[in-house]
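Here is what each chain is made of, one letter per residue.
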Amino acid sequence: MLKKFVLIFIVGVIFAWQSFVGSANALSLSEEIRTIPLNESGETITLSNQEASKGSRLFVSNCAQCHIQGKTKTNPNVSLSKEALANALPARDNLLGLMDYIEHPTSYDGEEDLTLLHLNTERPDLWPEIRNYSEDDVKAVAGHILIQAFSDPKWGNLSLIDN
């Protein structure tokens, strides 16, 4: 009986300790890497480590199935590389532009509404993965994509030959 009590006590202490101590796996990026374009005017914004970590987690959970390493399975000609995001119409190489795309997706040339085809916040009935996305969640995911696009030269490369 005493052994069982001691074991339960030790397990309880371990769980209590875990709730007060931060995760050892938490994402920690430099301020320079977390500073991304805010808008087309060239203003910038620095995301917190918490926002960057949240964006990474949400991207892996909901976006990576089609956009692994910044590539696009459903349309290999359009990636999430810095260049591809910049050349889209409207430009998606800034936080506000990419957030707008996540909320209201359009084709690369901006001509076609892709609300029925692409994961977005407009159709949570079709896309339960983001049914509960808040504006902060959209910002975090867009921030993660931009952090990758601006800091990882291999992000979104369309071939293995690319650098």
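In this text, all values refer to a predicted model and were calculated from it rather than measured experimentally.

1. Focus on the packing of aromatic side chains
For the coordinates displayed, the defined rule picks out one aromatic pair. When the centroid spacing of 5.7 Å and the interplanar angle of 50 degrees are considered together, the rings of Phe 59 and Trp 155 count as tilted. Remark: Trp 155 occurs in the segment after helix 6 (135-151) and Phe 59 occurs in helix 3 (residues 49-62); sequence separation between them is 96 residues. For the residue pair Phe 59 and Trp 155, the accessibility class agrees, reading buried in each case.

2. Examining the confidence of the model for the chain
Parts of the prediction with low pLDDT should not have their coordinates interpreted in detail. The pLDDT averaged across the chain works out to 84; a share of 76% of its residues lies at or above 70. Within the model, pLDDT remains below 50 along residues 19-26, and this stretch shows zero contacts once partners closer than five positions in the same chain are excluded.

3. A closer look at the nonpolar core
Counting 25 residues, the largest nonpolar core has Phe 59, Leu 85, Leu 95, Val 141 and Ile 145 as its most contacted members. Residue assignment for this core shows that the elements contributing at least two residues are helix 3, helix 5 (95-103) and helix 6. A total of seven residues in this core trace back to one element, the largest contributor, which is helix 6.

4. Digging into helix 3
Helix length check: helix 3, at 14 residues, gives a terminal C-alpha distance of 20 Å against a target of 20 Å (1.5 Å per residue), a fit within 8%. Looking at helix 3, one finds that the buried residues are Ala 52, Gly 55, Leu 58, Phe 59 and Asn 62. Axial view of helix 3: buried residues confined to an arc of 135 degrees, hence all on one face. Counted as exposed and oriented over 90 degrees from the buried face of helix 3: Gln 50 and Val 60.

What counts and how
Within any chain, residue numbers begin from 1 and follow the written order of that chain's sequence. Given that this is a predicted model, residues contribute local features only at a pLDDT of at least 70 and side-chain atom pairs are listed and counted only at 80 or more, while totals for whole chains, interfaces and linings are drawn from all residues. Only heavy atoms go into the side-chain values, all of them from the structure, while hydrogens and water stay out. Aromatic pairs are defined between Phe, Tyr and Trp rings, using the six-membered ring for Trp, whenever the two ring centres lie within 6.5 Å; interplanar angles under 30 degrees are classed as stacked, those over 60 as edge-to-face, and all others as tilted. The helix count covers DSSP runs of H or I at least four residues long, the strand count covers runs of E at least two residues long, and both are numbered beginning at the N terminus. Note on exposure labels: buried denotes an accessible area under 20% of the residue type's maximum, exposed denotes more than 50%, and partly exposed covers the range between, all computed with a 1.4 Å probe on protein chains only. One confidence number per residue, pLDDT, is output by the predictor and ranges from 0 to 100. Any two residues whose heavy atoms approach within 4.5 Å at even a single point are treated as in contact. The definition of a nonpolar core used throughout is a set of buried Ala, Val, Leu, Ile, Met, Phe, Trp, Tyr and Cys residues joined through side-chain atoms within 4.5 Å. What a helix should span is 1.5 Å times the count of its residues minus one. By construction, the arc corresponds to the directions joining the helix axis to the C-beta atoms.

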